[in-house]
Amino acid sequence: MFKNMIVYRIAPQWQVELTQVEEALAKAPFMECGATQEKSLGWVPPRGDAHGPLAESVGGQWILRFMVESKVLPGSVLARRVKEKAERIEQETGRKPGKKESKELKDEAKLDLLPMAFTKQGSMWVWIDTASRLLVLDTSSQGRADEVVTLLVESLPGLSVSLINTQTSPQAAMSHWLKEQEPPVGFTVDRECELKSASEEKAVVRYARHPLDIEEVQAHIAAGKLPTKLALTWDDRVSFMLTEGLQIKKVSFLDTVFEGTKADDGGFDTDVAIATGELVKLIPDLIEALGGEAESGVASAAQAVAAGAAPAAVTAPSSAPTAHSAPARKSAGGGMVTGPRDAPVDTDPESAPF
């Protein structure tokens, strides 16, 4: 549970009960793809019980689970079917299909093949911490996170969220930690990182299972290479990979987390309690290590949209990185999504469990 994380801040004016969340999610339950349906998405019971609640509370932490199913239709198979249809038309009429007709043939071919296509499913844990006003998604793909956040904002009236934005960019902080060999208080630098050149060559240097407190790493940074990934451990309890886009990957709970628990203490409630209990302390410590949180603008944007005014772009303080907040996007449900104007790049979206 929560092997990867993208973290959002929830605007303070959003105050709802768990029952209201349950009612909202019940309007968009997951259903398997129909015969000619390419993709289906929605909410499933997080415990895995049929007809169970779609929103669970464990120790005051709300847990949801998003499911998506898509049909697998190889491009080569589709192209072959389109070609067969086009050849048949040419044989019967003596003419080749034009551009518009070719597009129609492709749509027809897709409808022919979809009932026979295999399906694949993926799910994502969604954690809402109402006390800390955090929305955490178990994914490392910003594109997939956007899809879920959009659905949440549309489903839950008044919900407004913003990607966490820190005073110091993760890349600048990681460069400092490696160059000065001074990790932030409570953290240690582990044995894995990726450095990338900002030049046109885009040279990349990767270290795996290798000490990083060496002159070679410092020389790469001095030469202009910047960290895009760095393995860290927090409080000897949780190891993870921090990325330049403030995505948290490869989350692993260390043995000290499980001291005092029995081998048969597993199950949904235990897993949620352990994961959220550690991460609710790690996240603010990581934000603090990055200079604290910059103004997200989600609250002021919400007020501006509610008043019918165009929300102004919010800029970070002068000491912050150059990524500014974008104007809020208002949803049909009355909420908004704001965040850095340039969303983090999906460097390796296929590695995400969802």
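Structural notes, computed from the coordinates.

A few points about the packing of helix H2 (residues 75-93) against helix H3 (residues 99-113)
- Packing of H2 against H3 brings their axes to within 9 Å, and their N-to-C directions diverge by 125°. In this view, H2 runs oblique relative to H3, as classed from their interaxial angle. Here the hand of the crossing between H2 and H3 comes out right-handed. Residue-level inspection shows Val77, Leu78, Arg81, Val82, Lys85, Ala86 and Ile89 of H2 in contact with H3, the latter providing Glu101, Leu105, Lys106, Glu108, Ala109, Lys110, Asp112 and Leu113.
- Taken together, the residues that form the contact of H2 with H3 break down as 8 nonpolar, no polar and 7 charged.

A closer look at a negative patch on the surface
- Negative charge collects at one region of the surface, where Asp235, Asp236, Asp285 and Glu288 lie side by side.
- Mapped onto the elements, aspartate 235 comes out in the loop between strand S10 (225-234) and strand S11 (238-243).

Topic: the packing of aromatic side chains
- Tallying each qualifying case throughout the model produces 4 aromatic pairs.
- Where tryptophan 43 meets phenylalanine 66, the ring centres are 5.3 Å apart and the plane angle is 70°; that geometry is what we call edge-to-face. Of this pair, tryptophan 43 sits in strand S2 (residues 39-44) while phenylalanine 66 sits in strand S4 (residues 61-72), and the two are 23 residues apart along the sequence. A single burial state applies to tryptophan 43 and to phenylalanine 66, both of which are buried.
- Positioned over the ring face of tryptophan 125 is arginine 65, at 4.3 Å from the centre of the ring.

Considerations on the nonpolar core
- Among the nonpolar cores identified, the biggest contains 43 residues, and Phe240 and Leu286 are the most heavily contacted of them.
- For this core, the element with the highest residue contribution is helix H7 (residues 268-289), accounting for 9 residues.
- Leave out the neighbours within four places in its chain, and phenylalanine 240 touches Phe187, Leu230, Ala231, Leu232, Trp234, Ile248, Lys249, Lys250, Val251, Leu282 and Leu286.
- Listed in part, the 29 residues of the second largest apolar core include Trp14, Val148, Val153 and Leu159.

Describing empty space enclosed by the protein
- Under the counting rule described, the total for this entry stands at 1 cavity of 30 Å³ or more.
- The element that contributes the greatest number of residues to the lining of the largest cavity is H7, accounting for 3 residues.
- Grouping the amino acids of the lining of the largest cavity by side-chain chemistry returns 8 nonpolar, 1 polar and no charged.

Looking at the packing of helix H5 (residues 170-180) against helix H6 (residues 215-222)
- In contact at an axis separation of 8 Å, H5 and H6 are set at 135° when each is read in the N-to-C sense. In terms of orientation, H5 lies oblique with respect to H6. Of the two elements, H5 crosses H6, and the hand of that crossing is left-handed. For the pair formed by H5 and H6, the contact residues are Ser175, Leu178 and Lys179 on the first element and Val217, Gln218 and Ile221 on the second.

Description of the pairing of S10
- Counting buried positions along S10 yields 9 of 10 residues, so the element is predominantly enclosed.
- Sheet topology places strand S8 (residues 187-197) next to S10; 8 bridges connect them, and they run antiparallel. Following the sheet pairing, glutamate 194 is matched in S10 by lysine 229.
- With 6 bridges joining them, S10 and S11 adopt antiparallel strand pairing. Across the sheet, leucine 230 pairs through a bridge with leucine 242, a residue of S11.
- From the end of S10 to the start of S11, which pair antiparallel, there are 3 residues, and aspartate 235 there has a positive phi angle of about 55°.

What about the sheet that holds strand S12 (residues 248-253)?
- Strand order in the open sheet formed by 5 strands is S9-S8-S10-S11-S12, and the pairing between neighbours is antiparallel. Looking at strand neighbours, the two that pair on one side only are strand S9 (204-208) and S12, the edges of this open sheet. Strand-to-strand, the axes of this sheet are offset by a mean angle of 15°, without reference to chain direction.
- The sheet strands contacting H5 are S8, S10 and S11, and the helix crosses S10 at an angle near 75°.
- Of the strands in this sheet, S8, S9 and S10 are in contact with H6, which crosses S9 at around 155°.

Description of the pattern of salt bridges
- This structure, assessed with the given rule, holds 14 salt bridges.
- Close ionic contact of arginine 9 with glutamate 293 constitutes a salt bridge, the shortest N to O distance being 2.7 Å. On the criterion of sequence distance, the pair formed by arginine 9 in strand S1 (residues 6-10) and glutamate 293 in the loop between H7 and helix H8 (298-306) is long-range, its members being 284 residues apart.
- In this structure arginine 9 comes out as buried when scored by relative accessible area, which is 13%.
- In this structure glutamate 293 comes out as partly exposed when scored by relative accessible area, which is 30%.
- For the salt bridge of aspartate 107 with lysine 103, the shortest nitrogen-to-oxygen distance reads 3.7 Å.

Examining unusual backbone geometry
- One non-glycine residue, glutamine 181, adopts positive backbone phi at about 55°.
- Given a relative accessible area of 32%, glutamine 181 falls into the partly exposed group.
- Unusually for a residue other than glycine, leucine 246 sits at a positive phi of about 60°.
- Note on leucine 246: relative accessible area 15%, which makes it buried.

Definitions and cut-offs
- Residues numbered from 1 in each chain as written.
- Predicted model: local features only at pLDDT ≥ 70, side-chain atom pairs only at ≥ 80, totals over all residues.
- Heavy atoms only, no water.
- Axes fitted to C-alpha atoms, helices over the stretch in contact; angles between N-to-C directions.
- Helix = DSSP H or I, 4+ residues; strand = E, 2+ residues; numbered from the N terminus.
- Parallel < 35°, antiparallel > 145°, perpendicular 65-115°, else oblique.
- Left-handed = near helix turned anticlockwise from the far one by under 90°.
- Contact = heavy atoms within 4.5 Å.
- Nonpolar A, V, L, I, M, F, W, Y, C, P; charged D, E, K, R; others polar.
- Patch = residues over 30% accessible without salt bridge, like charges linked within 9 Å, V, L, I, M, F, W, Y side chains within 5 Å.
- Areas by Shrake-Rupley, 256 points an atom, 1.4 Å probe, with all protein chains shown as cover.
- Salt bridge = Lys/Arg side-chain N within 4 Å of Asp/Glu carboxyl O.
- Lys, Arg positive; Asp, Glu negative; His and termini not counted.
- Charge placed at Lys NZ, Arg CZ, Asp CG, Glu CD.
- Phe/Tyr/Trp six-rings, centres within 6.5 Å; stacked < 30°, edge-to-face > 60°.
- Buried < 20%, exposed > 50% of the residue type's maximum accessible area, 1.4 Å probe, protein only.
- Lys NZ or Arg CZ within 6 Å of the ring centre and 35° of its normal.
- Core = buried A, V, L, I, M, F, W, Y, C linked by side-chain atoms within 4.5 Å.
- 1 Å grid on protein atoms, 1.4 Å probe; cavity = no way out; pocket = protein on both sides within 12 Å on 5 of 7 lines; lining within 4 Å.
- Points joined across faces, edges and corners; volume = space filled by probe spheres on them.
- Pairing = 2+ DSSP bridges.

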